[in-house]
Amino acid sequence: MAARNFRRKRRGENAASPPTDNPPLASSSGSLLKTAVCCLAFAACAFFGVKTAAAANVETEPYYFYAPNYKTELNSLAENYVVNPAETGFEGTAQALAPDTAPDLGPTQAVYFGPNQSATFQVTVAEPGGYNITLDYYVPDEFLFNLTLAAAVNGEYQFYESRSLDMPVRWEDISQDYKVDAYGNDMYPRPRRIYTWETRALNSQLYLLKTPFVFILKEGVNTITIENNEIPFLLGNVTLSGKQDLITAREYIESQAGKSLAGGLPVVIEGEHYSAKSQSFIIPAKSSDQHAYPYTPGHNRINSLREVAWADSGNFVEYTFSVDEDALYYIVMKYTAKVQKNKPNFKNIYLDGRPIFDEAMNYIIRYSPKYRNEVINADGENIPVYLTKGEHTLRLESTGDLLYDTRETLIGVIGEINELAIQIKYITGNKADKNREWEIETYIPNIREDLLRFADIMETEYNVLAALSRTSGGNVADNLLVARDTLIEFSGDLDKLVNNMDRFTQGSNSVTEYISLVLPVMLYQNMAIDKIYITGDLNSVPEPTLGFFAGLWEEVRKFAATFTAVPDQAGLVTDDKLNIWVGKNMMQVELMRDTFTRFTEETGMEVNLSSMADEQKLLLAVSAGTAPDMVIGASNYRPFDFALRGAIYDLRRFPDFPLILEDYNPEMFVPFIINDSCYAVPETINFIMTYYRKDILNALGLPVPRTWDDVIAILPELSRFGMSVNTPIANAGGIKHFGTTMPFIQQFDGKIYSEDGSRVEFGDPNTVAAFKLMTDLYTRYSLPESISSFYNSFKRGVTPIGMSGLDTYYLIRYATPELSGQWGMAPSIGVESGGEVRNYQAAVASCSMIMAGTKRPEDAWEALKWWMEDETQTAFGNDLQLRFGSDYVYNTANMKAFARVKSMPEDVKALVLEQLANTREIPRNPAYFQVERALANSWNAVVFQGVTPRTALDDAIILSNREITKKLKEFGYMDERGALLKPFEMGSSAKVESWKAGGGE
Amino acid sequence: MKMKIKRSIDLSIPLNLAPYVTLFTFFIVMPVVLAALLSLTYFNSVEFPRFVGLANYVNIITQDSVFMKNVLPNTLLFSIIVGPVGYVLQFLLAWALAQVPKRPRMVLALAFYSPSLTLGVTMAIIWKVVFGGDQFGYINYLLLSLQIIEKPVQWLQSPEFILPIMIIVSLWASMGVGFLAMLAGILNIDPELYEAAYIDGLKNRFQEIVYVTVPSMKPQMLFGAVMAIVNAFSAGQIGIDLTGTNPTPQNAGQTLAAHIEDHGFLRYEMGYATALSVVLLLMILVVSNVANRLFVEKD
């Protein structure tokens, strides 16, 4: 691994390069020049890694890739050093357990670490140098997330990753006798912890390096500090080890010379029958695939290990099997790996806890869209393993070790390119005159060499990746060649670079974009396993796929089965069970069915849950009289329309209705209120927050805006660099629905409807002011009116600040690894009034309601109450993540349950809860759709046609009032001549509060 | 004398017609009759319909400002341009293709026909990217780099651009089944007719079209005309797909079909929507009558 010779300027070495001279100004008075130089120097320093007071909480250690540890060789040790801190003594907040109290340890002592506790102990080594640290640990309880801890040596963190080291535990399926649901499909198994002591070397959780993290110790006495994060655990022995030499395949074969291959039938292990797994959400896959086993046409059977469930480095599965004789056996894996074309996947293969031989580490699993049999081999030669009679364990573990260098190098290059881009923009400003010639080399002398150096890195890394994939043909790594060609083109013609900055960074076909396309793919080691054969005779292993005709015949059978099998969809309405339609996807519905078995146990009521793909079906079902008893997960605008027309049940008729209000923000019921009735309960929420790029804002020296005035203040600086701010209005497309426009009015405390609901009050001065701001932002201040994907613009740095919903949060968190640590969240932007910032936003996403045509309203009410309870909601949210992975999030509206779910880190959750406390929902009126459209059309008229805001608002008032009158007449609130018979009261949180207290009719 | 005349009821004719008649009744006649009946009621999709007489029709003409200001003009403009213009384009393209030798003709015909197959969301996705509103939309990007505009234009949100864009996209996709029928018609004309016409004094190819080609393929022309008319009048989905919303911003792209969907499914006014659809039916009937007069063969 040749040391790369470039500097990573984000962290680590302080590159004290002098800032470049700014171009001579037309009017250069001496002091102006000096202040300009100072500003430039300050900004350049802030960006080039010198820590200023403005940047708080900045870590000072380098990443492992740049730390001296990475290049340090491990010492060769005759014997490992083993230390048990409980016995040799330690300092810190952790506690030593008495002998015989730690499970499975007998008299050996252990140290108990609670959350955020630490222990510092000493080790003495004879030689200075590099050592691996291995811990024996035990996690006593079942938790959603893995144990993470920090390790410091001699009082300092030697590299950034040592602040958060992942220590996995093992799980198993409770039963691999899969239950079958009402439609004949297998159901996913439930996971359960395996409580044993685990041993693990401290290693990278992104890559799982072949050589675990090297810690540098000095000669003699060293102190090691272990700090715990959230999950309590027990620590046993700490082992310091040195270089481990693995035997090569050649040596292995030679050592087994003279032994014979086994006879008899192959031992067959099903890929889905793993005995242990490293994460709870590593699950099998189910489908109706004739090439896999088991298979039933027309039904989904669990037949293989899910390809993507264990794709992250460090995840592993273990298989236990036994053989009859001491002999040589081939290990054959029937697998498919089809996520990315021609991408290799790497696994470590262990037998009985140890690597078989050197080539079994970073073992390459080639891309294969169809099932194929892979015999464990080295350099093309199949290598049988020697197994004694009895039980053995095979472990397959995902690793990204071979990609470590390449990926870290590429991330570094992206950082450097971004810096270069900002440097160029300092000089040229934003809208470059395309015909101007820039003498850019005068200002940035090394630019040509830098560009060529980047291109060189592209080519080198491409060759590395191409060598790894060992196939010809298209590959995602080809993007690096495109990047290289662009860089070479730019180095030849620097003016072209300046005039086409969006091909350098920020655009969708920019160099940085091409590079970042390759990054996430590299970390993913996907492999679906149907079967594993342990056999002495390779000819006894069956073909991986059915032949052409046999496969075709099965397709015909499956097609025929589609006519007979009952589809798992809404429509199955039976009389004996409570029928619930759910507006969620199939995996969540399956989990709900599991969850509801507890309800059936408690109350004896059988429940029939089905997935409702399209809400229109609900409307048609109501007209046809085949509606279900209740609906969970309907859109938040449905209940109002249905209630007006008498299609759903008034929940206030149930005497214990006030109890359900306890756990919720009362504002969230507002959309479901008509007069004194409440027709639905909120189920899930969305939150609108501000997202910002820490690196860009720091480089430009801008604060995070809290109010719209702040936004306007930073706009000039942002647009100097071609950047802007995202707003929900810009994301909304054609119709600017209420959630994008109403918050402005509410933040200005403007009136929307009159008290009696008979007209709109857009003429209110506050409302006019709000509307003026809403349109000024786009006319006067030129915020972009249309941003199709905030996530993309955010990633590329085009909109480094913006408000958006929770989808964006999960996208940024999970889909952009290159941004980790570089972005943050803040409360949404609001309006200042009387010393505080009003940043109301609507929150309710989906809701649950009971249909009026139900014959069992009390039963439906029981089910609804039970489902929306704090316990059930928390369990469901956690279960979903446990079973399917941390990206399956469930954002419940039950505020108590929301505070307990583990889907986001605590600090983010605190911010979100603060925002959710500021929820303001939009009250509903029978003509609300017209009001929404009128407001959106008025905005459109002002922004695109230059109509004055007040005139446009007047048009909106007229249209809305007309429609309101029509609707109120239709529903009997007004008589034929337009006189108000009774007021249409809309919801408000005050009303909900009064219900809580038991008041109101 | 007794004559035994054996009468057997010939069942073959009714049996032959039965499938067609059944399907026609159930899928064409019944919906039209039901629509006509529903149009005389107040029906909000949930409660049972309530008879109100001609109130819906009165409302269309007197109360519905969107109908008068936007929907009717948009529909007529859209249909006149996409209908006849599209029709003429189809004919010209079919005629041009007929001159091309066989192999290239097949490929080109496929290329022209395929857009009409990809209607709906697929087409909207492509065109949304072309007409995208930020600086990365293709047209915006092109115009910005040529420095024709300074700021990205909101093609799909500004009211003045929506209808022209709908028309352009529909014309692009209008080479449908009618086009293929006309191509077949032209190719089937007996070449001897042309020779005879040239002998009789035809001077150039334009006269050839007018005097020989068009009269010889009147049935295909009629078919093409009816298809074009029906498609033009019932096109509304394209506006909704492009702008992403129904109704389109400021009702700029609102056609009768979209208006019907709006009232029927989004506003829960099914009775009113069926009245609108009856109006649409009458409009189409009138126009296709005209087409009939033009193209039906008079023996």
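This is a predicted model, so every value here is computed, not measured.

Colleague: Whenever I open this one, the environment of Asn418(A) confuses me. Can you help?
Modeller: Residues and elements named next belong to chain A. Turning to its location among the elements, Asn418 is positioned in helix α5 (residues 404-428). Using a relative accessible area of 29% as the deciding quantity, one classes Asn418 as partly exposed. When sequence neighbours within four positions are dropped, the list of residues in contact with Asn418 reads Thr505 and Thr512.

Colleague: Please explain the packing of aromatic side chains as it appears in this structure.
Modeller: Aromatic rings in a pair are described by how distant their centres are and how their planes are angled relative to each other. The full count for this structure, using the stated rule, is 52 aromatic pairs over all chains. Seen in terms of ring centroids, Phe599(A) and Trp866(A) are 5.3 Å apart; in terms of plane orientation they differ by 45 degrees. Their pairing is tilted. Taken as a pair, Phe599(A) in helix α12 (residues 586-603) and Trp866(A) in helix α23 (residues 857-867) lie far apart in primary sequence, 267 residues in all. Accessibility expressed as a relative area gives 1% for Phe599(A), which makes it buried. Of note, Arg395(A) hangs over the ring of Tyr350(A), and the distance from its end group to the ring centre comes to 5.5 Å. The ring of Tyr272(B) has Lys966(A) sitting right over it, with the charged end atom 5.8 Å from the ring centre.

Colleague: How should the interface of chain B and chain A be read in this particular structure?
Modeller: When the parts come together, some accessible area is lost, and that loss is often what is quoted as the size of the interface. Between chain B and chain A, the contact holds 32 residues from the first and 39 residues from the second. With both sides pooled, the region where chain B packs onto chain A buries about 3,000 Å², and carbon together with sulfur makes up 45% of that total. For the pair chain B and chain A, the number of links is four salt bridges. Residues Lys966(A) and Glu269(B) are paired through a salt bridge, measuring 3.7 Å at the closest nitrogen-oxygen approach. Taken together, chain B and chain A are joined by 11 residue pairs in polar contact (both at pLDDT 80 or more). A per-element tally of the side of chain B that touches chain A places helix α13 (residues 256-266) of chain B first, with three residues. For the side of chain B that touches chain A, the class distribution of residues is 10 nonpolar, 14 polar and eight charged.

Colleague: Before we go on, may I ask you to explain the packing of helix α3 (residues 65-98) of chain B against helix α14 (residues 270-295) of chain B in this structure?
Modeller: How two helices sit against one another is set out by the angle between their axes and by the gap between those axes. Residue and element names in this part refer to chain B. It is at 13 Å that the axes of α3 and α14 come closest, and there the two elements cross at 30 degrees. Put simply, α3 runs roughly parallel to α14. Seen along the crossing, α3 lies across α14 with a hand that is right-handed. Contacts from Phe67, Leu72, Thr75, Leu76 and Tyr87 of α3 reach α14 at Leu276, Val279, Met283 and Phe295.

Colleague: Looking at this model, I keep getting lost on helix α7 (residues 159-172) of chain B. Mind explaining?
Modeller: Residue pairs three or four apart in sequence face the same way in an α-helix, which turns once every 3.6 residues. The terminal C-alpha atoms of α7(B) lie 21 Å apart, and with 14 residues this matches the ideal 20 Å at 1.5 Å per residue to within 8%. Listing the buried residues of α7(B) in full gives Pro159(B), Ile162(B), Leu163(B), Ile165(B), Met166(B), Ile167(B), Val169(B), Ser170(B) and Leu171(B). In this structure, the buried residues of α7(B) make contact with α27 (928-945) of chain A together with α3, α5 (121-130) and α12 (237-243) of chain B.

Colleague: Even after reading the chapter, I still don't get empty space enclosed by the protein, so can you show me in this structure?
Modeller: Any empty space left between the atoms is revealed when a probe the size of a water molecule rolls over them. Residues and elements named next belong to chain A. Summed over the entire model, instances satisfying the criterion amount to seven cavities of 30 Å³ or more. Taken as a whole, the largest cavity spans an internal volume of roughly 130 Å³. Taken together, 16 residues form the lining of the largest cavity, with Lys343, Pro344, Leu403, Leu465 and Met522 sitting closest to its centre. Contributions of two or more residues to the lining of the largest cavity are made by α7 (447-469) and α10 (511-522).

Colleague: Is there a simple way to explain the pattern of salt bridges in this structure?
Modeller: It is possible for side chains bearing opposite charge to pair when their charged atoms get close. Going through the model one piece at a time under the given rule, you end up with 53 salt bridges over all chains. A salt bridge links Glu269(B) to Lys967(A), with the nearest nitrogen and oxygen atoms 3.0 Å apart. Remark: Lys967(A) occurs in helix α28 (residues 949-970) and Glu269(B) occurs in the loop between α13 and α14; the pair is interchain, linking two chains. The same class applies to Glu269(B) as to Lys967(A), namely buried. Across the pair Arg205(B) and Glu208(B) runs a salt bridge whose closest N-O atoms are separated by 3.6 Å. Highlighted residues: Arg205(B) and Glu208(B), both in helix α10 (residues 205-216), separated by three residues, approximately one helical turn. A relative accessible area of 41% places Arg205(B) in the partly exposed class.

Criteria and cut-off values
- Residues numbered from 1 in each chain as written.
- Chains lettered and ligands numbered in written order.
- Predicted model: local features only at pLDDT ≥ 70, side-chain atom pairs only at ≥ 80, totals over all residues.
- Heavy atoms only, no water.
- Helix = DSSP H or I, 4+ residues; strand = E, 2+ residues; numbered from the N terminus.
- Buried < 20%, exposed > 50% of the residue type's maximum accessible area, 1.4 Å probe, protein only.
- Contact = heavy atoms within 4.5 Å.
- Phe/Tyr/Trp six-rings, centres within 6.5 Å; stacked < 30°, edge-to-face > 60°.
- Lys NZ or Arg CZ within 6 Å of the ring centre and 35° of its normal.
- Buried area = accessible area lost by both parts, 1.4 Å probe.
- Salt bridge = Lys/Arg side-chain N within 4 Å of Asp/Glu carboxyl O.
- Polar contact = N/O pair within 3.5 Å; in protein donor to acceptor, adjacent residues only side chain to side chain.
- Nonpolar A, V, L, I, M, F, W, Y, C, P; charged D, E, K, R; others polar.
- Axes fitted to C-alpha atoms, helices over the stretch in contact; angles between N-to-C directions.
- Parallel < 35°, antiparallel > 145°, perpendicular 65-115°, else oblique.
- Left-handed = near helix turned anticlockwise from the far one by under 90°.
- Expected span 1.5 Å × (residues − 1).
- 1 Å grid on protein atoms, 1.4 Å probe; cavity = no way out; pocket = protein on both sides within 12 Å on 5 of 7 lines; lining within 4 Å.
- Points joined across faces, edges and corners; volume = space filled by probe spheres on them.

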